[in-house]
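Survey of secondary and tertiary structure
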Amino acid sequence: MASKNVISMQRWIAIIAFLAYDFIQIYIVGHLIVEPNANYIIRYQVRWSPEFQLDTLTLLGLLLIPFVISYIMALNSVGGDMVQIIGPDSLMKRMQMEFHRGNPEARDFTEDEVDHFLLELSTGEPQGTFENLKMLFHLGIITQTLINQTGIKSIKRVFVSDDLTPNAFTLRVLPIPFLGQDWIIINRNVVDILDDQEIKSVIAHEIGHAARRDSWLNAMLYSPRLVIIFGWSIILAAMANVILNEPFTLDSMLRFATLLGFIGVIRYLMNAGQGVINYAYRRTELLADYYAAKIIGLEDLINALIKIGSRGEVINSISRELKRLEKMSGEVPIEQMAVQIMNYLDPSETDAAVAKEYAVEFYVRSKLNQIFRGFQISISDSEFNNYVQQAKANMLKSQVSATPLISESEEQVKDWKSVDIDQNKKLDIEEIKDLVLQLRKNDSSIFQSELLERTGQLPQVKTHPQVSQRIFFLHDNLMD
Ligand SMILES: [Zn+2]
């Protein structure tokens, strides 16, 4: 795998190419004007004007709008079920106010003080239990320590969201130098499945995005897009205007069809650069990984990536399984059921095989329940469970014949647990080396969905590299 410097260079080349492509589009769209021409069947002509049509003020305004939008979006995307662990409304801040002892920045509280304070606050509801508050407080301390250690002062707020997918991301609020802030959101499930060191590596990855100003760059990349959209809108509106000023005839249909075709072409031209930017995004992720591995160590980061990936497998496996079952018996709202299953399943479950079995049982149970209740058939609990077990066994058996694709691919998927020699559910350096060797030797994937993506059976996630690629990059750059 390419070195860090090569990855960084590739990323810059992609970004510059993308920006150049956008500015060429702005140049072109800015020089086009639409004029009525009765000689043409479409009734207008597009002409190249020597003067640039968009005035400077409009351009500046349009370039600034994404920054404002990103601010509003950031404000909107926090709140709701989120708990602030760093920032003005955090538990930490409240503790500081309670026990500042004359020093408002003091952060050394005794264990007893913390426990007492959190006990007073706890409500007993699912969110507000003492254990939960203690976990959130602990997470706040870990995060604050990392922020202090890295010295990235722009991170002003950190939130924990109740999301059941393992993920974390950074928002740049007002991407302007000096005024801007970075807010990090950590999904609760990250805490459910990772140990402290692994959580640190995830937070360090996000700090890496803030330190590298990655989200700042995002806003800059979106600015030119808005100018292009605006430019094309003016041209399309002028074309529509010419057509609408004519009496409506059969030819008008043809003219509108041409206009729609034109919109299709514009869309295609605008999206053509997206592949280049996704190429840059994937490299951005590798560089944030590099930053995190430098601070926390690559062992914990790689274990975090594997566990998060396994959890992703659980989620994929549930929806894949439900889709298959739905095909077999019809009409079940899959998304709704997948969410229900995620809610019932242990949030720290990272085994896709267990999840699959769980999905089948849940499906069978709700389906049978529907039938017995719907037809008002009285049945005892044990009888009902009997039916569930029978049906479940049959459904699980049926998948072997129904989806040869999955069993065939089994050997092309290298389960990380098979290299976990001491079976402590965590890979040490030697085990990681072994995993990399095994993955490379057979050109295999680390997860089922990774393989399905590679073979085109699942749509690819374009903005993030695959977990095996991330492991290769860390292995090749930071290990020998
Ligand atoms: Zn990232």
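Residues numbered from 1 in each chain as written. Predicted model: local features only at pLDDT ≥ 70, side-chain atom pairs only at ≥ 80, totals over all residues.

What follows deals with the sheet that holds strand β4 (residues 155–161). Within the open sheet, the four strands sit side by side as β3-β4-β6-β5. Their pairing is mixed. On the outer flanks of this sheet lie β3 (83–86) and β5 (168–173), each paired with one strand and no other. Across the sheet, the mean angle separating the axes of adjacent strands is 25 degrees when strand polarity is ignored. With three bridges joining them, β3 and β4 adopt antiparallel strand pairing. By the bridge assignment for β4, Val83 is matched with Val160. Against the sheet, helix α2 (residues 56–77) engages β5 and β6 (181–187), with an angle of about 135 degrees to β5. Strand contacts of helix α7 (residues 196–211): β4, β5 and β6, with the helix running at about 25 degrees to β5, the strand carrying the most contacts. (Pairing = 2+ DSSP bridges. Helix = DSSP H or I, 4+ residues; strand = E, 2+ residues; numbered from the N terminus. Axes fitted to C-alpha atoms, helices over the stretch in contact; angles between N-to-C directions. Contact = placed C-beta atoms within 7 Å.)

Here the focus is the domain arrangement of the protein. Looking at the protein, the domain boundaries give domain 1 (1–82 + 162–296) and domain 2 (299–478). For domain 1 and domain 2, the distance between their C-alpha centres works out to 33 Å. Taken together, the 25 residues of domain 1 in the interface contact 23 residues of domain 2. Among the secondary structure elements, those contributing two or more residues to the side of domain 1 that touches domain 2 are α6 (188–193), α7 and α10 (274–296). In terms of residue count, α10 provides more of the side of domain 1 that touches domain 2 than any other element does, ten residues in total. Residue composition of the side of domain 1 that touches domain 2, grouped by class: twelve nonpolar, six polar and seven charged. (Domains from an automatic or database assignment. Nonpolar A, V, L, I, M, F, W, Y, C, P; charged D, E, K, R; others polar.)

So, about helix α8 (residues 214–244). Compared with an ideal rise of 1.5 Å per residue, which puts 31 residues at 45 Å, α8 spans 45 Å between its outermost C-alpha atoms and is within 8% of the ideal. Taken as a whole, α8 has its buried residues at Asp214, Ser215, Trp216, Pro224, Val227, Ile228, Gly231, Met239 and Val242. (Expected span 1.5 Å × (residues − 1). Buried ≥ 20, exposed ≤ 12 C-beta atoms within 10 Å, placed from the backbone.)

One way to put it is that helix α1 (residues 4–30) packs onto α8 with a least axis distance of 9 Å and a crossing angle of 25 degrees. In terms of orientation, α1 and α8 fall into the roughly parallel class. Pair α1 / α8 crosses with left-handed handedness. Across the interface between the two elements, Phe18, Leu19, Asp22, Phe23, Gln25, Ile26, Val29 and Gly30 from α1 touch Leu221, Pro224, Arg225, Val227, Ile228, Gly231, Trp232 and Ile235 from α8. Class assignment for the residues of the contact of α1 with α8 results in eleven nonpolar, three polar and two charged. (Parallel < 35°, antiparallel > 145°, perpendicular 65-115°, else oblique. Left-handed = near helix turned anticlockwise from the far one by under 90°.)

On to the environment of Val436, then. Inspection of the secondary structure puts Val436 in helix α16 (residues 429–441). Classification of Val436 by C-beta neighbours within 10 Å gives buried; the count is 21. Each C-alpha atom, one on Val436 and one on Ile142, is 30 Å from the other, the two residues being 294 residues apart in sequence. What Val436 contacts, discounting residues up to four positions off in sequence, is Ile471, Phe472 and His475.

This brings us to the environment of Arg11. Inspection of the secondary structure assignment puts Arg11 in helix α1. We classify Arg11 as partly exposed; it has 19 C-beta atoms within 10 Å. Separated by 265 residues in sequence, Arg11 and Val276 place their C-alpha atoms 9.3 Å apart.

To continue, consider the environment of Thr123. Locating Thr123 in the fold gives a position in the loop between α4 (111–121) and α5 (130–150). Judged by the 11 C-beta atoms lying within 10 Å of it, Thr123 falls in the exposed class. C-alpha separation for the pair Thr123 and Ala74, spaced 49 residues apart in sequence, amounts to 29 Å.

Attention now goes to the nonpolar core. In this structure, Ile85, Leu136, Ile186, Val190, Leu301, Ile302 and Leu305 are the most contacted members of the largest nonpolar core, which totals 62 residues. When residues of this core are assigned to domains, at least three fall in each of domain 1 (1–82 + 162–296) and domain 2 (299–478). Among all residues touching Ile186, those that are not within four sequence positions of it are Val158, Val160, Ala168 and Ile203. Ranked by size, the runner-up nonpolar core spans 15 residues in total, among them Ile318, Val360, Val364 and Met395. (Core = buried A, V, L, I, M, F, W, Y, C linked by C-beta atoms within 7 Å.)

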